[in-house]
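# Overview (structure and organization)
Single-letter residue listing:
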Amino acid sequence: MPAERLHLVRHGEVHNPQRVLYGRLPHFGLSDDGRRMAAAAADHLVGLERAVTGLSASPLQRTRESAEPLAERFRLEPVLDERLIEPTNVFEGRRMRRALLNPLNWRHLRAPSLPSWGEPYVDVVARMDAAMRDAWDRVEGGDVVLVSHQLPIWITHLAVAGLPLRHDPRQRRCALSSVTSFERDGERWREVDYAEPAAVAGAIDVGAV
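These notes cover the structure that comes with them. (Residues numbered from 1 in each chain as written. Predicted model: local features only at pLDDT ≥ 70, side-chain atom pairs only at ≥ 80, totals over all residues. Heavy atoms only, no water.)

### Some remarks on the pattern of salt bridges
Taken as a whole and judged by the stated rule, the model has 18 salt bridges. Among the salt bridges present, the one from D81 reaches R83, with a minimum N-O distance of 2.9 Å. Since its relative accessible area comes to 9%, D81 is described here as buried. For E119, the salt bridge identified is with R127, shortest N-O distance 2.9 Å. According to the relative accessible area criterion, R127 is buried, its value standing at 12%. (Salt bridge = Lys/Arg side-chain N within 4 Å of Asp/Glu carboxyl O. Buried < 20%, exposed > 50% of the residue type's maximum accessible area, 1.4 Å probe, protein only.)

Structure (structure tokens):
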């Protein structure tokens, strides 16, 4: 039997004092508050009293660190999956407000439906779907948890809901250490829950793609 439910967990707050868009850049790990957020997400999943039998994570530092409390509580070894990674973005390492004031950067905004500044949304949907299906089929019953990033989780939500992939990043419902849960209905995903177990008031959350 495959899994019974799949949870997409976003990483916790990142130590980012310069408030840059960190994307896939190395050395962006969790802050102290981010570690507490990751622990809150793990505690939330424990509180559901559902067996968790599989754990995967994006290979970036912040997602690996966010998977640590999950691995400890459920006694699982995380599988690192490149398909769960943050999308590429030409603005990596920059402060977005400053970058957007420079006319030389406006060419990267020419096709927001793709988007023209990074990895196409349809490609993100395809790789996330493949990672979810593989994680679902890898276990024999129970739930699986995948630790990923804001954009991949949100774009998966939009695709599953049948909504346009183009969106305003400021309107994403995907808080730090949030948990978005899915079940399978035949070959189709169905979103069944969304939770924000961590306190995020005052958190720095400006580095997401």
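After that view, the rundown keeps rolling.
### Points about the packing of aromatic side chains
Enumeration according to the criterion identifies 2 aromatic pairs in this entry. Note on W136 and W189: the rings are 5.4 Å apart at their centroids and 85 degrees apart in plane angle, and the pair reads as edge-to-face. Taken together, the residues W136 in helix α4 (residues 121–138) and W189 in strand β6 (residues 188–195) connect sequence positions 53 residues apart. Grouping residues by exposure puts W136 and W189 together as buried. For R184, the ring lying beneath its charged end belongs to W189, and the centroid distance is 5.0 Å. (Phe/Tyr/Trp six-rings, centres within 6.5 Å; stacked < 30°, edge-to-face > 60°. Helix = DSSP H or I, 4+ residues; strand = E, 2+ residues; numbered from the N terminus. Lys NZ or Arg CZ within 6 Å of the ring centre and 35° of its normal.)

### A short note on a positive patch on the surface
A cluster of basic residues, R19, R95, R97 and R98, forms a positive patch on the protein surface. Secondary-structure assignment places R95 in the loop between β3 (79–80) and α3 (96–100). (Patch = residues over 30% accessible without salt bridge, like charges linked within 9 Å, V, L, I, M, F, W, Y side chains within 5 Å. Areas by Shrake-Rupley, 256 points an atom, 1.4 Å probe, with all protein chains shown as cover. Lys, Arg positive; Asp, Glu negative; His and termini not counted. Charge placed at Lys NZ, Arg CZ, Asp CG, Glu CD.)

### Comments concerning the environment of P59
Among the secondary structure elements, P59 is positioned in the loop between β2 (52–57) and α2 (61–74). Classification of P59 by relative accessible area gives partly exposed; the value is 22%. For P59 and I85, which are 26 residues apart along the polypeptide, the C-alpha to C-alpha distance reads 6.7 Å. With near-sequence residues (within four places) excluded, P59 lies in contact with R64, L80, D81, E82 and I85. (Contact = heavy atoms within 4.5 Å.)

### Let's talk about the nonpolar core
With 26 residues, the main nonpolar core has L6, L8, M132, V144, L146 and I155 as its most contacted residues. For this core, the element with the most residues is α4, which contributes 7 residues. Sequence-distant contacts of L6, that is, excluding residues within four places in its chain, are made with M132, W136, V144, L146, T180, S181, F182 and W189. If you look at the next biggest cluster of nonpolar residues, it comprises 15 residues, including L70, A71, F74 and V147. (Core = buried A, V, L, I, M, F, W, Y, C linked by side-chain atoms within 4.5 Å.)

### Things to note about the sheet that holds β6
Strand order in the open sheet formed by 6 strands is β3-β2-β4-β1-β5-β6, with mixed pairing between adjacent strands. In the strand order of this sheet, the two ends are held by β3 and β6, each with one partner. Alignment of strand β1 (residues 5–10) against strand β4 (residues 143–148), held across 6 bridges, turns out to be parallel. Across the sheet, R10 pairs through a bridge with S148, a residue of β4. (Pairing = 2+ DSSP bridges.)

### Some details on α2
Along its 14 residues, α2 runs 20 Å from first to last C-alpha, staying within 8% of the 20 Å computed at 1.5 Å per residue. Bending of α2 peaks at approximately 25 degrees at the position of E68, with proline P69 no more than four residues after it. Burial in α2 covers these residues: R62, T63, E65, S66, A67, P69, L70, A71 and F74. Elements that come into contact with the buried residues of α2 comprise α1 (32–47), β2 and β4. Immediately beyond the C-terminal end of α2, within one or two residues, lies R75, with a positive phi of roughly 55 degrees. (Expected span 1.5 Å × (residues − 1). Bend = angle between axes of the 7 residues up to and from the residue.)

### Here's the deal with the side chain of H7
With respect to the helices and strands, the residue H7 is situated in strand β1. Residue H7 is classed as buried on the basis of its relative accessible area, which comes to 1%. A polar contact of 2.9 Å, which involves the side chain of H7, links it to the side chain of D143. In this view, H7 contacts L45, L48, D143, V144, V145, L146, V179, T180 and S181; residues no more than four positions away in its chain are not counted. (Polar contact = N/O pair within 3.5 Å; in protein donor to acceptor, adjacent residues only side chain to side chain.)

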